[in-house]
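So you can see what is in the structure, the chains are spelled out below.
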Amino acid sequence: MQRYKKKPNYLFFLKNSCIFATPAGLNFIFLSMFVEQISVEYTLCFVFYGGTALMALIACIYLCLRRGNAFAADVTPPMQLRRWAAAFFALAFLSHVWWLLFYIYSNNYNSVACLVVAVIDYLGLLVSIAGTLFAMLQDRKRPIWPMVVAMIPYAVLLTMNVVFPDHHFLYIAIIYLMMVFVLFSVYMVYAVRQYRHWLRDNYADLEHKEVWASHVLIIAILLLFTFGEVEGISLTISFLVQFLELPLFWFLLWRVETMPQLQVVAVEQEPIERAQQPQQPQQSLVIPSNIEQLLEEHCVAAQLYLQHDLTLIQLAQTVGTNRFYLSQYFSRQGITYNAYINDLRINHFMSLYREAAAAQKPISAQQLASESGYRSYSTFSLAFKQRTGQSVTAWMRNPQSHLGSQNLQK
């Protein structure tokens, strides 16, 4: 029922035909000699099995050797993320290789070879998957060592299966491993939610920083792992696993190359003068009273909010305060930094629209959104609907909303 118990018969056929014992250039010759004996389904499975391995190898080489970005030339992805993704692709390729070699030359699930291959395979894949997904969350560093510790019981169970050949240990090991993957997926959902809050608290633009891709990767990897454990049940599931790996690899590679390097905003300590007075009882934070005036002068009047990718730290430095005070100010106002900048930009958009409408000039919502500080119209459209409760098109078609928008709370 599981990965270690049964594999499609095409691997057994390849073993008997000794295809992989021949030079690479003769593989297709041997394959053509026996093509009439292999069904179309087995042939497709073999093609996809080799195709996914080749795709993983190409992705690994690309991430390791290419300095430029072939997907988004204006984006510089985090180097740590590229390295973790390259490690994952390398292990994915090696996983295809060493499991195939195992089925050809051993195929004994109670052997030491199976123990070594299984532990190295899942330990490497789990750690590299965790490292890659963690590297996508740039709010803070998350430790990888718990993933290594979590594999110790799995290795013990497989060892017991070798010492005492009993499939019960194997079943328990597989169930335990699936529980580890499920718990990791649950933690990733929580971590991604934290990352989303961090983005909204520190960045005005969210282009190429979408968190939905991380959720998609978590679900896809979990499903592929689950299918991989039962792929021996039928050829259809085996084919589905290999078929889904190709878009997953492409999607992961695209996500790595389109995620920009963000400035990690560490939680700042309180001012030095407060830190030097530990004997005083801890009091509530006193925010400078002139922050609102500074924001009005340096952000609103100077239209600093029109700057693309304006961060909380950049705004704090411009107004002459620190990030900690500014973040606390927004929190006490019941808003986030992202909401504050979006309100200013949407007000600017509405002002530009009213001016163009009064002058009877041609109006392009995309152009006005760009002039209001938005690099992406989809980001603007979402922010506009959250702010006004209606779409941009509906707002532009309703003259009453133009008048009402002047009274929207800033």
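Residues numbered from 1 in each chain as written. Predicted model: local features only at pLDDT ≥ 70, side-chain atom pairs only at ≥ 80, totals over all residues. Heavy atoms only, no water.

## With respect to the overall build of the chain
Helices and strands together make up the secondary structure of the chain, namely 18 helices and zero strands. In the chain, buried positions account for 45% of the 410 residues. Put simply, 73% of the contacts in the chain that link residues at least 6 apart link residues at least 24 apart. Carbon and sulfur atoms make up 62% of the accessible area of the chain, which amounts to about 21,600 Å² in all. (Helix = DSSP H or I, 4+ residues; strand = E, 2+ residues; numbered from the N terminus. Buried < 20%, exposed > 50% of the residue type's maximum accessible area, 1.4 Å probe, protein only. Contact = heavy atoms within 4.5 Å. Areas by Shrake-Rupley, 256 points an atom, 1.4 Å probe, with all protein chains shown as cover.)

## Description of the pattern of salt bridges
Side-chain pairs of opposite charge can arise whenever the charged atoms involved come near each other. In total, this model carries three salt bridges according to the counting rule given. Note that arginine 82 and glutamate 257 form a salt bridge whose closest N and O atoms lie 3.2 Å from each other. In this pair, arginine 82 is assigned in helix α4 (residues 79-105) and glutamate 257 in helix α9 (residues 235-258), connecting sequence segments 175 residues apart. There is no split in this pair, since arginine 82 and glutamate 257 are both buried. Taking the shortest distance from any N to any O, the salt bridge between aspartate 343 and arginine 387 comes out at 3.4 Å. (Salt bridge = Lys/Arg side-chain N within 4 Å of Asp/Glu carboxyl O.)

## Details of a nonpolar patch on the surface
On the surface, Trp145, Val149, Ile152 and Val156 cluster together into a nonpolar patch covering about 420 Å² of accessible area. Turning to its location among the elements, valine 149 is positioned in helix α6 (residues 145-163). (Patch = residues over 30% accessible without salt bridge, like charges linked within 9 Å, V, L, I, M, F, W, Y side chains within 5 Å.)

## Brief notes about the state of the cysteines
Tallied over the entire structure, the rule returns zero disulfides. A disulfide-free cysteine, cysteine 64 has its sulfur positioned 4.1 Å from the sulfur of cysteine 60, the nearest such atom. Among the residues examined, cysteine 64 registers a relative accessible area of 51% and is labelled exposed. (Disulfide = S-S within 2.5 Å.)

## Re empty space enclosed by the protein
Here the structure, examined in full by the defined rule, presents four cavities of 30 Å³ or more. By volume, the second largest cavity is sized at about 60 Å³. Surrounding the second largest cavity, Phe88, Ile129, Thr132, Leu133, Leu217, Ile221, Leu248 and Leu252 form its lining. Ranked by residues supplied to the lining of the second largest cavity, first place goes to helix α5 (residues 112-136) with three residues. (1 Å grid on protein atoms, 1.4 Å probe; cavity = no way out; pocket = protein on both sides within 12 Å on 5 of 7 lines; lining within 4 Å. Points joined across faces, edges and corners; volume = space filled by probe spheres on them.)

## Some remarks on helix α16 (residues 377-388)
An ideal rise of 1.5 Å per residue puts 16 Å on twelve residues; α16 measures up with 16 Å between its terminal C-alpha atoms. Those residues of α16 lying buried are Thr379, Phe380, Ala383, Phe384 and Arg387. Buried residues in α16, looked at end-on, bunch into an arc of 130 degrees, giving them a common side. Away from its buried face by more than 90 degrees, α16 exposes Ser378, Leu382 and Gln386. If you follow the buried residues of α16, they end up packed against α14 (337-358), α15 (365-371) and α17 (392-397). Just beyond α16, the residue with positive phi is glycine 389, at close to 85 degrees. (Expected span 1.5 Å × (residues − 1). Arc of directions from axis to C-beta.)

## Brief notes about the confidence of the model for the chain
Close inspection of predicted coordinates is inappropriate in any region flagged by low pLDDT. When the pLDDT values of the chain are averaged, the result is 76; 76% of them are 70 or greater. Note on residues 1-36: pLDDT under 50 across the span, and 60 contacts to partners over four residues away in sequence or across chains. (pLDDT = per-residue confidence, 0-100.)

## A look at the environment of glycine 373
Along the chain, glycine 373 turns up in the loop between α15 and α16. A residue is classified by how much of its surface remains accessible, and glycine 373, at 1% relative accessible area, is buried. Linking glycine 373 and leucine 304, residues 69 residues apart in sequence, is a C-alpha distance of 9.3 Å.

## Considering the packing of α6 against helix α7 (residues 167-202)
Where α6 meets α7, the axes come as close as 7 Å, and the angle between the chain directions of the two elements is 170 degrees. On the basis of their axis angle, the class for α6 and α7 is roughly antiparallel. For the pair α6 and α7, the crossing hand works out as left-handed. For the pair α6 and α7, the contacting residues are Met147, Ala150, Met151, Pro153, Tyr154, Leu157, Leu158, Met160 and Asn161 in the first and His167, Phe169, Leu170, Ile172, Ala173, Tyr176, Leu177, Val180 and Phe184 in the second. Split by residue class, the contact of α6 with α7 holds 16 nonpolar, two polar and no charged. (Axes fitted to C-alpha atoms, helices over the stretch in contact; angles between N-to-C directions. Parallel < 35°, antiparallel > 145°, perpendicular 65-115°, else oblique. Left-handed = near helix turned anticlockwise from the far one by under 90°. Nonpolar A, V, L, I, M, F, W, Y, C, P; charged D, E, K, R; others polar.)

## Side note on the packing of aromatic side chains
Enumeration over the complete set of coordinates arrives at 23 aromatic pairs. With centroids separated by 5.7 Å and ring planes inclined at 25 degrees, the aromatic side chains of tyrosine 195 and tryptophan 198 adopt a geometry described as stacked. Note that tyrosine 195 and tryptophan 198 are positioned in helix α7 at a spacing of three residues, about one turn of the helix. Summarising the burial analysis for this pair, tyrosine 195 and tryptophan 198 share the class buried. Through a chain of ring-to-ring contacts, three or more aromatic side chains come together here, namely Phe349, Tyr353, Tyr374, Tyr377, Phe380, Phe384 and Trp395. Across from the ring centre of tyrosine 62, 5.7 Å away, lies the NZ or CZ of arginine 82, which sits over that ring. One cation-aromatic arrangement involves arginine 345 over tyrosine 374; the distance from NZ or CZ to the ring centre is 5.3 Å. (Phe/Tyr/Trp six-rings, centres within 6.5 Å; stacked < 30°, edge-to-face > 60°. Lys NZ or Arg CZ within 6 Å of the ring centre and 35° of its normal.)

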